[in-house]
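# Notes for the structure review
So the chains spell out like this:
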Amino acid sequence: MTHLAEPSVGDERSEVLTSLAAGLAMLSATEVTPTEVDEVVPFDAEDVTFDAEATWLDQLVLVQDWLRLDHRLDPFASTATLATRLFDGLGARDHSELYVLDGDSLVLTDAGVDLLRARVERATALRDSFLASVETGSRSAATAEWLTAWDDSLTATVSGRIRAKAEVWSIHDFASRAKSGRLDLSPSYQRGDVWPTADAQLLMESILRGIPLPSIIILRPRSVADAPFEIVDGKQRLTSILRFIGAHPTALESVEAANRQHPGFDLPHLFRTNYPAFRRAWADATGERLTTTLERSYFFPYRLASGASGLSGELAPFAGKYYHEITDEYVHVGGEQVAVRDVFESTTDYKIPVIEYTEATPRQIHEVFSLYNKQGKHLNAEEIRNAVYHELHLMRALSAASGDAPSIRKAAPFLAAVGGDAADISKFLQDAGIASARYRRTKVLSWLMSMLVVESLNERGEPRRLSTASQINAMLDRAQHPGDPLNDPGTINELISLVALGMRAHSESDAWADTFKDGNLGKRWQDLQLVASLTGVCLAGAALGPTVVPVLTENAERIRAVSASEWKRPAKTQTSVQWDYLGRVAVKMLKLLKVDPQRAHEAVHSLSGASSVTALVRAAVESE
């Protein structure tokens, strides 16, 4: 078969094709590959041709694992089938502008070449990152990073009009807004961690030397006119700054509360003017000795670095000192000599870049943040999702129940009605070995929930086989509509209880082979196997109610045998492969528990207004 690119129109197109050939050849010649990438016989760029005897598609099929296409390409398929699956795998919906079939020849348009070029360039960049990771770690760890990078690599298209502005704020601007309640440093979607003191000290040194800081990204919620700005990216930097100058609102509240309970120690005044004396007074008043850990938890001030890691040059006299001890000293910032107090408490040339989003849909903000993140490492996909959708009851419930939100009371107070179930979910995810860093548990819980309540069928009644991120976003997009059941706290509570029931049954039955959990000794669950098995159990729970626990336990031996023999994790985890695996495991689980899929579908649909059961059943049938 022949696969042609359109005749070149100028040097630019020729350069693009040359670049494509070089990229494919580079991927083929990589000696150390991710575990999900098969090694191939290397070929040279000169072997990738786009002329009458074009070989580019044949060569692309060889390195397809590097491209993480949604669908596998069969090298023996017809040209028409290969073209359809290739561009479906690249996420294209309308193929008419991408290529033309001329008999057995595939003619790419400029748009088709550009789409393919973007994917190959992304693949080579992630290949380079993988190789760098392998040099400092294991192949399996580097593979996990590589897969995560692909998952986080979302479309770079921004749909529709948005309103955003770029500004610069002084440190005083941030501090005054924080003091007046106009700056929310801990929105429900933010991580609760505080930088180690050593990292915060390095940041202060950067400021005192006049080194510019990266942009702070903020959101102004549209639902309330006077709502505070929310810190989306830059919380740890701002927290470190406000701690250093004794202006963090949580610290000030703690000091005022202690002063009311223990009058006579003049705690607020000492906090502002003599922190070492404040520490002694705090111990006398409260009986609590302030350790570094306690100071971090209260957001109290810290010293500048001292000793071997202390400050040097003109900052050397500041080593080991608190902010109030250096406020009248001078530093060179922004080309002028200014008082330290003015850098932090007034308006000087030292400013922090700010990106403020004021008018944009959650989808648009998600897209813009994704573009921003491609310029460097900032937020991962789950952190962006939590920032974008955090105003939804469902998003708050998922982050709170998973244990990633600072507290259920703040993030989703309506969960109090099912607080025990939410706690069970958090414990289950912890016991399963799902890491708590960077909203990993929220992602797993969101993925599971979306596999229950998103219909996932296209207009032809076929499984849509959405990627994990797209599946979760489809659920959250639904939850934005005022009349949707997923926007109702009562429905969300019922879904949380359903998932908690499924997790209790899943855990208490001990029905899983160790090799099924992680392909090895079963020390911790891998996400795919965990979500697949939980999907089946939760669907059964929707149909059976609390009796799912004893029913699953009664069938534990059979399930353990099947999980060991039939449910091995697929070697390749492209979206279509994952979906087939999820469907196969979930539907088999229903069969083992003698639950009619239609009954499970009706139960979930009645509760949430939609169900993934039909799509899962069809994916399971097609995979067989």
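Residues numbered from 1 in each chain as written. Predicted model: local features only at pLDDT ≥ 70, side-chain atom pairs only at ≥ 80, totals over all residues. Heavy atoms only, no water.

### Let's talk about the packing of aromatic side chains
Quick reminder of the rule: Stacked, tilted and edge-to-face are the three classes assigned to paired rings of Phe, Tyr and Trp, where Trp is represented by its six-membered ring and a pair needs centres within 6.5 Å; plane angles under 30 degrees give stacked, over 60 edge-to-face, the rest tilted. Summary of the burial criterion: residues with accessible area below 20% of their type's maximum are buried, those above 50% are exposed, and those between are partly exposed, where the area comes from a 1.4 Å probe applied to protein chains only.
For the structure on display, the rule yields 24 aromatic pairs. Judged by centre distance (4.8 Å) and plane angle (50°), the rings of Trp169 and Phe174 are tilted. In this structure Trp169 comes out as buried when scored by relative accessible area, which is 3%. In this structure Phe174 comes out as buried when scored by relative accessible area, which is 2%. Ring centres of Tyr298 and Phe300 lie 5.1 Å apart, and the angle between their planes is 25°; this geometry places the pair in the stacked category. Residue classification places Phe300 among the buried positions, given a relative accessible area of 0%. Cluster of aromatic residues (ring-pair linked, three or more members): Phe271, Tyr275, Phe278, Trp282, Tyr298, Phe300 and Tyr322.

### Some points on helix H9 (residues 235-244)
Which entries qualify depends on this criterion: Under the scheme used here, helices are H or I runs from DSSP no shorter than 4 residues and strands are E runs no shorter than 2 residues, and both carry numbers assigned from the N terminus.
Extensive coverage of H9 is indicated by the burial of ten of its ten residues. Every buried residue of H9 is listed here: Lys235, Gln236, Arg237, Leu238, Thr239, Ser240, Ile241, Leu242, Arg243 and Phe244. Following H9 by one or two positions, Gly246 has its phi on the positive side, about 70°.

### Regarding unusual backbone geometry
At Asp266, a residue that is not glycine, the phi angle is positive and equals roughly 55°. Within the secondary structure, Asp266 is located in the loop between helix H10 (249-261) and helix H11 (267-273). On the basis of relative accessibility, which here comes to 43%, the residue Asp266 falls in the partly exposed class. Unusually for a residue other than glycine, Asp510 sits at a positive phi of about 50°. Summarising the element assignment, Asp510 is placed in the loop between helix H22 (489-509) and helix H23 (514-518). Of the residues examined, Asp510 reaches a relative accessible area of 47% and is grouped as partly exposed.

### Focus: helix H29 (residues 613-623)
Our working definition: Each direction from the helix axis to a C-beta atom contributes to the arc, which is the arc of those directions. By the convention used here, residues are in contact when the closest approach between their heavy atoms is within 4.5 Å.
Inspection of H29 places Val613, Ala615, Leu616, Ala619 and Ala620 among the buried residues, and these make up the whole buried set. Mapping the buried residues of H29 onto a view down its axis gives an arc of 165°, with all of them on the same face. Where H29 is buried, its residues contact helix H20 (440-453), helix H24 (527-544), helix H27 (575-592) and helix H28 (597-608).

### Some words on the pairing of strand S7 (residues 229-233)
Going by this rule: At least two DSSP bridges between two strands are needed for those strands to be called paired.
Within S7, five of the five residues are buried, leaving the element largely enclosed by the surrounding structure. Direction of pairing for strand S5 (residues 183-184) relative to S7: parallel, over a ladder of two bridges. Considered in S7, the bridge of Leu183 is made with Phe229. Here three bridges tie strand S6 (residues 216-219) to S7, and the two strands are oriented antiparallel to one another. When the bridges of S7 are listed, Ile218 appears paired with Ile231.

### Structural notes on the confidence of the model for the chain
Our working rule: Here pLDDT means the predictor's own confidence in every residue, given as a number from 0 to 100.
Averaged over the chain, the pLDDT score is 85; the fraction of residues at 70 or greater is 88%. For residues 154-159, every residue scores under 50 in pLDDT, and the model assigns this stretch 15 contacts once sequence neighbours within four places are set aside.

### Overview of the packing of H28 against H29
Spelled out, the test is: Axis lines are fitted through C-alpha atoms, for helices just across the contact stretch, and the angle between N-to-C directions can take any value from 0 to 180 degrees. Put simply, angles under 35 degrees are roughly parallel, angles over 145 are roughly antiparallel, angles from 65 to 115 are roughly perpendicular, and the rest are oblique. We call Asp, Glu, Lys and Arg charged. Ala, Val, Leu, Ile, Met, Phe, Trp, Tyr, Cys and Pro are nonpolar, and the rest, Gly among them, are polar.
Running from amino to carboxyl end, H28 crosses H29 at an angle of 150°, the nearest separation of the two axes being 9 Å. Relative to H29, H28 is oriented roughly antiparallel. Along the contact surface, H28 presents Pro597, Ala600 and His601, while H29 presents Val613, Thr614 and Val617. Residues that form the contact of H28 with H29 fall into these classes: four nonpolar, two polar and no charged.

### Some points on the pattern of salt bridges
Convention followed: Any Lys or Arg side-chain nitrogen located within 4 Å of an Asp or Glu carboxyl oxygen qualifies as a salt bridge.
In this structure the tally under the stated criterion is 16 salt bridges. Among the salt bridges present, the one from Arg478 reaches Asp484, with a minimum N-O distance of 2.8 Å. Through salt bridges with shared partners, a single ionic network connects Glu36, Arg68 and Arg569.

### Observations regarding the side chain of His248
With respect to the helices, strands and loops of the structure, His248 is situated in the loop between H9 and H10. The class for His248 is buried, based on a relative accessible area of 3%. Residues within four places of His248 in sequence aside, it is in contact with Leu185, Thr239, Leu242, Arg243 and Phe299.

### Focus on the side chain of Ser28
Applicable threshold: Any N or O atom pair separated by 3.5 Å or less is treated as a polar contact, with the protein-specific requirement of one donor-capable and one acceptor-capable atom, and with residues adjacent in sequence counted only for side-chain atom pairs.
Note that Ser28 resides in helix H1 (residues 11-28). Here Phe43 takes part through its backbone nitrogen, which lies 3.1 Å from a polar atom of the side chain of Ser28.

### Overview of the environment of Leu392
By the element assignment, Leu392 lies in the loop between helix H16 (381-389) and helix H17 (393-402). Between the alpha carbons of Leu392 and Asp488 there is a distance of 9.7 Å; along the sequence they are 96 residues apart. Contact partners of Leu392, with chain neighbours within four places excluded, come to Leu476, Ala479 and Gln480.

### Considering the environment of Ala571
Within the secondary structure, Ala571 sits in the loop between helix H26 (556-565) and H27. As a C-alpha pair, Ala571 and Glu36 span 535 residues in sequence and 6.3 Å in three-dimensional space.

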